[in-house]
Amino acid sequence: MPELPEVETTRRGIERALRGSRIKELRIYDRRLRWPIEQHLPEQLAGQQALAVGRRAKYLLLNLERGTLILHLGMSGSLRVLHAGAPRLKHDQFDLAFDSGLDLRFNDPRRFGSLHYTHEDPAQHRLLRWLAPEPFDASFDADYLWRITRTRRAAIKQVLMNGRLVTGVGNIYASEVLLRARINPRRASRRLTLKDCARLVRAVRTALNAAIRAGGTSLRNYVGTDGNPGEFRQKLYVYERDGKPCRVCGTPIRKITQGARSSYFCPHCQH
DNA sequence: ATGGGCACCTGGCTGC
DNA sequence: TGCAGCCAGGTGCCCA
């Protein structure tokens, strides 16, 4: 479910609510996430203060005094900040209870999410080590995109979705970004010009920024930490708009399948 | 090295 | 109403 804007919206909500408070208890309701939650995690976390909440790609990083919690929302996960004792709902997987009287609750119907803990530099964790630069980092620029696409035959949509090449862009925003950059999702990556790469970098940043400002996109499960849905859905140009008129030129939006995922594009605006 | 396909899991919707 | 089939926001891993 969540791509970078939803994860960033979640990060901001959590940080505001939890920064500085101390973990009382990790209550695990179901350890069977994408990787089973480590058995002895509760003892390791109890008593630690939450110093800050960071983000790397779509991972949330909860900085504690002695280590870092690495949390991924998967396809259908969401985090909410609740008052202690709030009734449990179906698919609640764990609660991180704080001494402030607030609980951080993870709900994830499909259980594709994950929770890890490390005492080391989280950037060196096996799940984070290979990730591409952050989209808002200066190192993610037209030259970078041009360089990594020179020898690739894969469609540009696939490159946007590959976390080792580009981070933060998932299936919704890949289509949205390509519309904004006026590039057809099927274009072979190595056929991109330097100017295409420059437009693409700008499009990634503007699309992600606009979605963050709207609190993310809610389609099925996603809610922010306050329980409210994101409002970017109304601003989508192409995603799940097949057959509807392009907001730029009026041509019907087309839907195709790439790598078993749906792509949406305007056959008139994108080449 | 690259890229394609599968796997993990539950639920909602469609169409017979 | 029931049920089969398909689809859904991610990504690690195996194989050619």
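Once that is clear, we can look at the overall build of chain A. Helix and strand counts for chain A come out as 6 helices and 10 strands. Over its C-alpha atoms chain A spans a radius of gyration of 20 Å, differing by no more than 12% from the 18 Å that the globule rule assigns to 271 residues. Expressed as lengths along the three principal axes of its C-alpha atoms, the size of chain A is roughly 55 × 35 × 30 Å. Looking at chain A residue by residue over its 271 residues, the buried ones come to 42%. Sequence separation of 24 or more characterises 63% of the internal contacts of chain A that already satisfy a separation of 6 or more.

Among the residues of helix α3 (residues 142-149), those classed as buried are L145, W146 and T149. Viewed end-on, α3 has its buried residues packed into an arc of 100 degrees, placing them on one side of the element. Those residues of α3 that are buried are in contact with α4 (156-161) and α6 (194-213).

Right, let's get into the sheet that holds strand β7 (residues 102-107). Pairing is antiparallel across the open sheet formed by 4 strands, whose spatial order is β1-β6-β7-β5. Whereas interior strands pair on both sides, the edge strands pair on one side only; in this sheet they are β1 (23-28) and β5 (78-83). The sheet shows a mean angle of 20 degrees between the axes of neighbouring strands, taken without regard to direction. In this sheet, strand β6 (residues 92-98) lies alongside β1 in antiparallel orientation, the contact comprising 5 bridges. Across the sheet, the residue bridging to I28 is F94, located in β6. Running at roughly 25 degrees to β5, helix α1 (residues 4-18) makes contact with β5, β6 and β7 of the sheet.

Before going further, it helps to spend a moment on α1. Structurally, the α-helix is built with 3.6 residues per turn, so residues lying three or four positions apart point the same way. Taking 1.5 Å of rise per residue, 15 residues should cover 21 Å, and α1 covers 21 Å from first to last C-alpha, within 8% of that figure. A large share of α1 lies buried, amounting to 11 of its 15 residues. Those residues of α1 that fall on the buried side of the exposure criterion are L4, P5, E6, V7, E8, T9, T10, R11, G13, I14 and L18. Looking at the packing, one finds that the buried side of α1 touches β2 (50-56), β3 (59-64), β5, β6, β7 and α6. G20, located one to two residues past α1, shows a positive phi value of around 90 degrees.

Next up on the list: the pairing of strand β4 (residues 68-72). Most of β4 is tucked away, with 4 of its 5 residues classed as buried. Judged from the 5 bridges that link them, β3 and β4 form a sheet pairing that is antiparallel. From the neighbouring strand, L62 faces β4, where its bridge partner is L69. Adjacent in sequence and paired antiparallel, β3 and β4 are bridged by 3 residues.

The backbone phi angle of H91 is positive, close to 75 degrees, even though this residue is not glycine. Mapped onto the fold, H91 is located in the loop between β5 and β6. In this structure, A260 is a non-glycine residue whose phi angle is positive, near 65 degrees. Along the chain, A260 turns up in the loop between β9 (254-258) and β10 (261-265).

Below, the discussion takes up the protein's contact with DNA strand B. Taken together, the neighbourhood of DNA strand B is formed by K90, P109, R110, R111, F112, T151, R152, R153, A154, Q158 and G259. Its residues placed into classes, the surface near DNA strand B shows 3 nonpolar, 3 polar and 5 charged.

Below, the discussion takes up the environment of R182. Its place among the elements puts R182 in the loop between α5 (171-181) and α6. The spatial distance from the C-alpha of R182 to the C-alpha of A207 is 13 Å, given a sequence separation of 25 residues. With near-sequence residues (within four places) excluded, R182 lies in contact with R199, C269, Q270 and H271.

To continue, consider the packing of α5 against α6. Any two packed helices are characterised by the angle at which their axes cross and by the distance between the axes. Direction vectors running N to C along α5 and α6 enclose 125 degrees, while the axes themselves pass 8 Å from each other. Classified by the angle between their axes, α5 and α6 sit oblique to one another. Of the two elements, α5 crosses α6, and the hand of that crossing is right-handed. Contacts between α5 and α6 involve Y173, E176, V177, R180 and A181 on the former and, on the latter, R199, L200, A203, V204, T206, A207, L208 and A211. Looking at side-chain class alone, the contact of α5 with α6 contains 9 nonpolar, 1 polar and 3 charged residues.

Conventions we followed
Residues numbered from 1 in each chain as written. Chains lettered and ligands numbered in written order. Predicted model: local features only at pLDDT ≥ 70, side-chain atom pairs only at ≥ 80, totals over all residues. Helix = DSSP H or I, 4+ residues; strand = E, 2+ residues; numbered from the N terminus. Rg over C-alpha atoms; globule rule 2.2 N^0.38 Å. Buried ≥ 20, exposed ≤ 12 C-beta atoms within 10 Å, placed from the backbone. Contact = placed C-beta atoms within 7 Å. Arc of directions from axis to C-beta. Pairing = 2+ DSSP bridges. Axes fitted to C-alpha atoms, helices over the stretch in contact; angles between N-to-C directions. Expected span 1.5 Å × (residues − 1). Near = placed C-beta within 6 Å. Nonpolar A, V, L, I, M, F, W, Y, C, P; charged D, E, K, R; others polar. Parallel < 35°, antiparallel > 145°, perpendicular 65-115°, else oblique. Left-handed = near helix turned anticlockwise from the far one by under 90°.

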